[in-house]
Every structure is written in C-alpha cells, then in structure tokens.
Amino acid sequence: MVAAPLPMSNGSSNGNGHSTSPEIEAAFVLDEVIGHKGSWLEIPPAFNSSDSTFGATASATYQMLNQALGTRRPLRIIYVGGGASAINMSYKIQKHLSDVTFQAYEKNAKLGGTWVENKYPGCACDIPSHTYQFTWCLNPEWDSYYSNSDNIEKYMDFVVEKHGLAKYFKVNHEVVGAKWVAETSRWIVRIRPNGDSNEDFYDWCDFFINGSGLLNAWKWPTIEGLHTFKGNLMHTAAYNNSVDTTGHRIGLIGVGSSAVQVLPALQPTAKHITHFIRSKTWITPSFAAKFAGPNGANFNYSEEQKEKFRQDPKGQREYARDIEFELNKRWKFVIRDSPAQKEIFDSFHKEMTTALNGRKDLIDVLVPDFAVGCRRLTPAPGFLKALQEHNVTPVTSRIKAIDETGIITEDGTHIECDTIITATGFDISFRPRFPLIGADGVDLRQKWAKRSQAYHSMFVPGFPNYLIVMGPGSPSAHGSLLPSTEHVSDYALQVLHRLQTEPIKSLEVKQDVVADLYQHSQEQLKTTAWASHCSSWFKNGAVDGPLDSLHPGGRLHFFSTLINPRWEDFNYQYSNNRFAHYGNGFTRREVEGGDLTWYWNEGDRTHLFHY
C-alpha cells in the first residue's frame, strides 16, 4: 500500500507543515508513544459531516432525511490478524453485509494464524478434525481424526481460495498502534509493512476489530543464562525445522500441550531426551473417544470414507454434529466436586496409572491430585509410552541456570545438551501487543496491566467501536474455538448493521454493566474445576487467582447469551435525531423492488429462542 499525503486544506497548520485535523493530532500521540513518525493515507470526510448519510443537517431545526428505512452508510472496518477468526469474519461480512470496506492486516507472510506459526514436531490439534472446521465450509478431505498443523493450514488456504477472501488481507503488515478520535468517531491505526519501521503508515476505520488471538505472543522462560547456550535453542512456537535432532541430546522444558506432542515425535530418533517437568497434568483419553481409533488413538480416514463425505455432505454434517455432541456433554464434568467430576477423576487417574505401568516415580511426578480440567486437558497419544522409553529421563528438580553446554538443576546436576527446546507457553495476559489508546486517552495495555475485564469477551468500557474476538471471558477451555468465533462474528454483524442503518456514530459498553458481569462471572467460576489449586494459563500461570480468561459456563451457555444482544448495555453517540433513519416513510424493499409481502408466510412466524 502506497502512503499518500493528507490534503493540506483540511485544518490549520501546526507549524511543521502538517494539518491539525483530529486524525493527525491522534497520530502525533502515537508517534510519541512509538517513537517514530508514520506516513499518511488519504482520509475522507468524517461520518458526522453534512454530506454523510445520517449527518446533522445545516439547520438547527430538525429536518427529515429523504431516504428509505434501511438505508446504509458506508463503513470501513480494520481487522488485526489473519488467522481462523479473521478468515471467518471476512466471509461473514462478505456474505451478509454491503457497503462495507473490510481491511485485515496480518503480520505473518501468509494467512492461517497459529497453524502457520506452530510447526514443531508432532504439532497437531487436540480437537477432532471434523469439528475443527467452519460450519459453513465443511472439508471432506481431512486425512485423520486429529489433524496436524500442516493439514489445518491447508484447510485454511482452501477456505480462503474457495470463497475469494484473500483480497481482504495484507500480509507482512503488522498493526503497531491505534488511537480513538472522538471528534470524528474513528480509529487511526498505524501499520508496519515487512517489519520496517521506516515504512510505517496510518490507516483509519469506523470500527476496529482485534482478532490477533490469545496464543500468539510466545515467551522464553526466565532462566539465568538461557541465551548463553551454544547449541540449538528453540521455542515450540518458533521452531526451526531445518535443525535435524537425530542423535541429539535434547533438553525439553515444559509439560503443556506442546511438550506432550514433541516428546513422542522426537523420542524415536533422539540419542537421549531429558524432560524437565515442574507440574502435574492430566493426560486424558481422546476427546469424543467413541469416534476415535482403538483406545482413543488417532486414525487415518480411508479414501472410501473421504469419498462418502464428498458425495454426502449432509451425512458428513451429521457425523460432525455427533462428535460435537460428545464434546458439548463434557461441560458437566467441569462442575467442581460434582458426581460427574468425581467419576471422571477416578477414571482418568486409573487410566494414567495403568498407562504408567504402576511406576511410582512417574506417577508421583505426573498424575495430578487437582480436579480434572483445572489445567487444560491434553489428550496426548504416545506421550506416556514415550516417557518410559530407555532414552527418556524425566527430571523434576528445578532448573537453576543454563550455560554454554547444557542445563544446571538446583541440586547441582549438569546435563549436557545438543538442543534445548522450551515449550513454556505464551503471554496470555490479554493485553494488546501495541499501544491502543481509547476515548479517555487511556492505553488498554495499562488498563489491563493487572486484570482483564470485557463484556462477553468482546467490548471494553472506554473503547468505542472496538471489538475483541475471543478476549477475556471467552469459552476457550471448552471444545473447538471455531464455532465460538462464528458466534462472536454473528454478534458483531448485528452491531455493524446498526451502525450502518441508524444515526449512531459510536457505541461503547457501560462500565457498570461490565462490573456486574465480572462479579457474576467470578462467583460462578468458583464452582468449576478451573478454580482448583493448580497453575494454569486460565489464571495466567498462577496457582490461585481470578479466572479473567474464561466465560462462566459452557460453550452452549456462551452461544446462547449472544443470540439476542442486550442493546441496553451500551451507551450511544448519535450524529442526528436518533430516529432520523426512519426517513421518508418508505422501506428499502419498496424502493429497490423487494418482496412486499415478506410477512405473508405459511404458518406462525413467531420465533422465541429457547435456552
């Protein structure tokens, strides 16, 4: 994208040759925060100017607008990210809205989000393939019950190509700052192409959506001397697959969902793997195991099965629904101290101790005494078997330091390594990765420095016309995230439709509403296994603490709360009389030749959503 200068006729000069329009003044603030000036794109007149669809009239006396009910104003949307949620949002907007300019900026060289970034050995999704897909684009070509990252990336590419979505994205473009401009009800957004700060430029939008994802800011562990190591040092989220670890002495740090996939993938070819385990974790049977292979194992779909899916999309959808049904049933197990929780605790405990062949040394290290679900459940085929192989040594002593040749534990043992792999997770604080300055000049990074509170995971007080996809309070601990992103986007479409068809300049969730929701959420979450005594990313790595990250209920509960928006939970700024969009008494159907008897349908049209 080529930056163009802003017309100098718009506003007065600040003495440096720049116009002092509200947008430029906002950019000056970001320039100061970021420490570097950016170039400009052309910015058209603001929504509340006299020539806009719902703009205020020149007269102080109200004048009716000569337009039909349902007339849309143009809307520009900027989206941060190019992963699954962005692909979904671009499809939904393309299909259901018009007069919208949708521009997504993705920092990576291609679309796909986490499945482009995570390429470590054994990387796979622990949700069954046929439920880890968009409900509007089923894939009959899944190779296996659980798909690896390459296969999921291939699916995302297929979706983008099939529906012509690439035109909405600019890759190798990172959003590095954004500021709300109250005078024009717009966001000014700073973009960095190809990682070059000298090429920074500004874009603008009426509505700003952050879909950068939760697990996208990986972090090194805090270990003395970590970067003095002379061998291969890698994080699973930035794995270097050009390194051949065959015959290597490997130090593997962590026991989360990535580590338990790496170990069985590298164990057969490594000379030796020392696995550093600090926390216990539930290694569970496969999700929806009744549809998986023997003993919940992964399996490959035959060509005959794929052909059946190709020829019978309805049958494939029923198969996916059956798997999804099993996943949704799991919510009852999350209730703390319930009979269902006790039953699953006893079952998983027995399965783990059996798989570990009664080895007390491993049972004491790995099998939890906290509730099932306190940490993210990790079905990890092959992990417990690999842990018992002759060339694997689990170590529970804490790491004191790392030197040029290996790892030093607190008991003074030095373990020489050729390769060290850290599977130590992400910054999951929900704080934006860039300056995000709202209506009161507050940066969301500071606002959320200690606690993250949002309205149904999407809206934040003080940040008008801003929406987060899968922010704090999302159902990220229960089932596939893709249907969840679909429900968030469907909610977003209702918001965007109102902004287009009513004289609303901006909407912002009320502070007292968020406070009430947060109070209820924290009370309800105390009744769940997620609140048990264990360290988890649900609590941002803490053992005990607030569960800001999670919705107070299962996925079905989350989906249901979003069906009918509570519009009374928002404050609105209008550009005109709030009923100006009623216009001249006509509807768009009449003006554009639509169905004039749409209400004359067979049967009763009444539909009430039942929870």
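No experiment lies behind these values; they were computed from the predicted model shown. All residue numbers refer to position in the chain's written sequence, counted from 1. In view of the model being predicted, local features appear only for residues whose pLDDT reaches at least 70, and side-chain atom pairs are presented and counted only at 80 or more, with totals across whole chains, interfaces and linings using the full set of residues. Hydrogen atoms and water are omitted, and side-chain values are computed over all heavy atoms in the structure.

Visitor: What is the right way to look at the overall build of the protein in this model?
Guide: When helices and strands are tallied, the protein shows 15 helices and 22 strands. Throughout, the radius of gyration refers to the C-alpha atoms, and the reference size of a globule is 2.2 Å times the residue count to the power 0.38. A compact globule built from 611 residues should have a C-alpha radius of gyration of about 25 Å, and the protein, at 27 Å, falls within 12% of that. With the principal axes as the frame, the protein shows a C-alpha extent of 85 × 70 × 45 Å. Each residue is placed in one exposure class: buried if its accessible area under a 1.4 Å probe, protein chains only, is under 20% of its type's maximum, exposed if it is over 50%, and partly exposed if it falls in between. Burial status across the protein gives 53% buried among its 611 residues. Only the protein chains shown count as cover for residues, and all accessible areas are computed by the Shrake-Rupley method using a 1.4 Å probe. Surface accessibility of the protein: about 27,700 Å² in total, with carbon and sulfur atoms responsible for 50%. Distance between charge centroids for the protein: 3 Å, based on 60 positive and 66 negative side chains. Helix and strand assignments come from DSSP, with helices taken as H or I runs of at least 4 residues and strands as E runs of at least 2, each series counted from the N terminus. His is not counted here, nor are the chain ends, while Lys and Arg score as positive and Asp and Glu score as negative. For charged residues, the charge sits on one atom: NZ in Lys, CZ in Arg, CG in Asp, CD in Glu.

Visitor: I keep staring at the pattern of salt bridges and nothing clicks. Help me out?
Guide: Opposite charge on two side chains allows them to pair when their charged atoms are near. Any carboxyl oxygen of Asp or Glu within 4 Å of a side-chain nitrogen of Lys or Arg constitutes a salt bridge here. All chains considered together, the criterion is met by 33 salt bridges. The partner of Asp-150 in a salt bridge is Lys-119, with the nearest N and O atoms 2.6 Å apart. With Asp-150 in helix H4 (residues 149–162) and Lys-119 in the loop between helix H3 (114–117) and H4, the pair connects residues that are 31 residues apart, well separated along the chain. On the basis of relative accessibility, which here comes to 48%, the residue Asp-150 falls in the partly exposed class. When the shortest N-O distance is used, the salt bridge between Arg-498 and Glu-502 registers 3.0 Å. The exposure class of Arg-498 is buried, given its relative accessible area of 16%. One connected set of salt bridges, linked through shared partners, spans Lys-110, Lys-119, Asp-150, Glu-153 and Asp-157.

Visitor: Help me out: how do you make sense of the pairing of strand E11 (residues 272–276) in this one?
Guide: Along any regular strand, the residues point their side chains to alternate faces of the sheet. Among the five residues that make up E11, four are buried, leaving the element largely enclosed by the rest of the structure. Pairing between strands requires that DSSP locate at least two bridges from one strand to the other. Pairing of strand E10 (residues 249–253) with E11, which is carried by five bridges, proceeds in the parallel orientation. Bridge assignment links Leu-252 to a residue of E11, and that residue is His-275. For a crossover, the right-handed case is the one in which the path from the first strand over the helix to the second runs clockwise, viewed with the strands pointing away from the viewer. Each parallel crossover has a hand, and the one from E10 via helix H5 (residues 259–266) to E11 is right-handed. Judged from the four bridges that link them, E11 and strand E14 (residues 392–395) form a sheet pairing that is parallel. Paired with Ile-273 across the bridge in E14 is Val-392.

Visitor: What is the right way to read the nonpolar core from this model?
Guide: Across soluble globular proteins, you tend to see nonpolar side chains buried next to one another. Side-chain atoms within 4.5 Å are what join buried Ala, Val, Leu, Ile, Met, Phe, Trp, Tyr and Cys residues into a set we call a nonpolar core. In this structure, Phe-134, Met-156, Phe-207, Phe-383, Phe-459 and Leu-467 are the most contacted members of the largest nonpolar core, which totals 103 residues. Leave out the neighbours within four places in its chain, and Leu-467 touches Phe-207, Phe-208, Ile-209, Asn-210, Met-458, Phe-459, Val-488 and Ala-492. Core analysis: the second largest hydrophobic core is formed by 26 residues, Trp-187, Ile-191, Ile-428 and Leu-436 among them. Two residues form a contact once any of their heavy atoms are found within 4.5 Å.

Visitor: Could you clarify how one ought to interpret H5 in this entry?
Guide: Residue pairs three or four apart in sequence face the same way in an α-helix, which turns once every 3.6 residues. Counting buried positions along H5 yields six of eight residues, so the element is predominantly enclosed. Taken together, the buried positions of H5 are occupied by Ala-259, Val-260, Gln-261, Val-262, Leu-263 and Leu-266.

Visitor: How do you make sense of the packing of aromatic side chains when you look at a structure like this?
Guide: Within a pair of aromatic rings, the relevant descriptors are the distance that separates the centres and the angle that separates the planes. Classification of ring pairs uses Phe, Tyr and Trp, with its six-membered ring standing for Trp, and accepts pairs whose centres are within 6.5 Å; under 30 degrees between planes counts as stacked, over 60 as edge-to-face, and the remaining range as tilted. Tallying each qualifying case throughout the model produces 37 aromatic pairs. Note on Tyr-155 and Phe-158: the rings are 6.5 Å apart at their centroids and 35° apart in plane angle, and the pair reads as tilted. Of the two residues, Tyr-155 and Phe-158 both sit in helix H4, three residues apart, roughly one turn of that helix. Considering the side-chain rings of Phe-208 and Phe-434, the 6.4 Å spacing of their centres and the 55° angle between planes classify their relative orientation as tilted.

Visitor: Would you take a moment to explain the sheet that holds strand E16 (residues 406–409) for this structure?
Guide: Through backbone hydrogen bonds, the strands of a sheet pair up, either in parallel or in antiparallel fashion. With respect to topology, three strands assemble into an open sheet ordered E15-E16-E17, the strand pairing being antiparallel. Here the strands that pair on one side only, and so sit at the sheet edges, are strand E15 (399–402) and strand E17 (414–416). Averaged over all adjacent pairs, the angle separating strand axes in this sheet is 25°, with direction ignored. One ladder, built from three bridges, connects E16 with E17; its direction is antiparallel. Across the sheet, Ile-408 pairs through a bridge with His-414, a residue of E17. Axis lines are fitted to C-alpha atoms, over the contacting stretch for helices. Their N-to-C directions set the angle, which ranges from 0 to 180 degrees.

Visitor: Looking at this model, I keep getting lost on the confidence of the model for the protein. Mind explaining?
Guide: Here the protein averages 90 in pLDDT, while 93% of its residues score no lower than 70. Within the model, the stretch residues 1–19 combines pLDDT values under 50 with 39 contacts to residues more than four positions away or in other chains. Note on residues 48–52: pLDDT is under 50 here. Beyond four places in sequence and across chains, it has nine contacts. Confidence of the predictor in every single residue is expressed as pLDDT, which spans 0 to 100.

Visitor: Looking at this structure, I do not really get the side chain of Ser-549. What am I missing?
Guide: In this structure, Ser-549 sits in the loop between helix H13 (511–525) and helix H14 (555–561). Once residues within four sequence positions are removed from consideration, Ser-549 is found in contact with Phe-430, Gly-471, Pro-472, Gly-473, Ser-474, Ser-476, Trp-537 and Phe-538.

Visitor: Looking at this structure, how should I read the packing of helix H6 (residues 303–311) against helix H7 (residues 313–328)?
Guide: Two quantities define a packed helix pair, namely the angle between the helix axes and the distance between the axes. Taken N-terminus to C-terminus, the directions of H6 and H7 make an angle of 110°; their axes are 5 Å apart at the nearest point. Our classification of the angle between H6 and H7 gives roughly perpendicular. Across the interface between the two elements, Phe-309, Arg-310 and Gln-311 from H6 touch Pro-313, Gln-316 and Tyr-319 from H7. Residues are grouped as follows: Ala, Val, Leu, Ile, Met, Phe, Trp, Tyr, Cys and Pro are nonpolar; Asp, Glu, Lys and Arg are charged; all remaining types, including Gly, are polar. Residue composition of the contact of H6 with H7, by class: three nonpolar, two polar and one charged. In these notes the angle categories are as follows: under 35 degrees is roughly parallel, over 145 is roughly antiparallel, 65 to 115 is roughly perpendicular, and the rest is oblique.

Visitor: Explain unusual backbone geometry here, please?
Guide: A negative phi angle characterises most non-glycine residues, just as the trans form characterises most peptide bonds. Not every positive phi belongs to a glycine, and Asn-194 is a case in point at roughly 55°. Positionally, Asn-194 belongs in the loop between strand E6 (186–193) and strand E7 (201–205). The exposure class of Asn-194 is exposed, given its relative accessible area of 61%. Residues other than glycine seldom take positive phi values, yet Ser-457 does so here, at roughly 75°. Examined against the element boundaries, Ser-457 turns out to sit in the loop between helix H11 (444–447) and strand E20 (466–468).

Visitor: Please explain the environment of Trp-220 as it appears in this structure.
Guide: Residue position: Trp-220 is located in the loop between strand E8 (207–210) and strand E9 (232–235). Trp-220 sits in the partly exposed class, given a relative accessible area of 29%.

Visitor: Before we go on, may I ask you to explain H13 in this structure?
Guide: Here a helix's expected span is defined as the number of its residues, less one, multiplied by 1.5 Å. In this model, H13 (15 residues) spans 21 Å end to end at C-alpha, consistent with the 21 Å of a helix rising 1.5 Å per residue. Along H13, the residues classified as buried are Val-513, Val-514, Tyr-518, Ser-521, Gln-522, Gln-524 and Leu-525. The buried residues of H13 all sit within an arc of 160° when viewed along its axis, so they share a single face. Exposed and oriented more than 90 degrees from the buried face of H13 are Asp-516 and Gln-519. If you follow the buried residues of H13, they end up packed against strand E21 (504–509). Directions from the helix axis toward the C-beta atoms define the arc.

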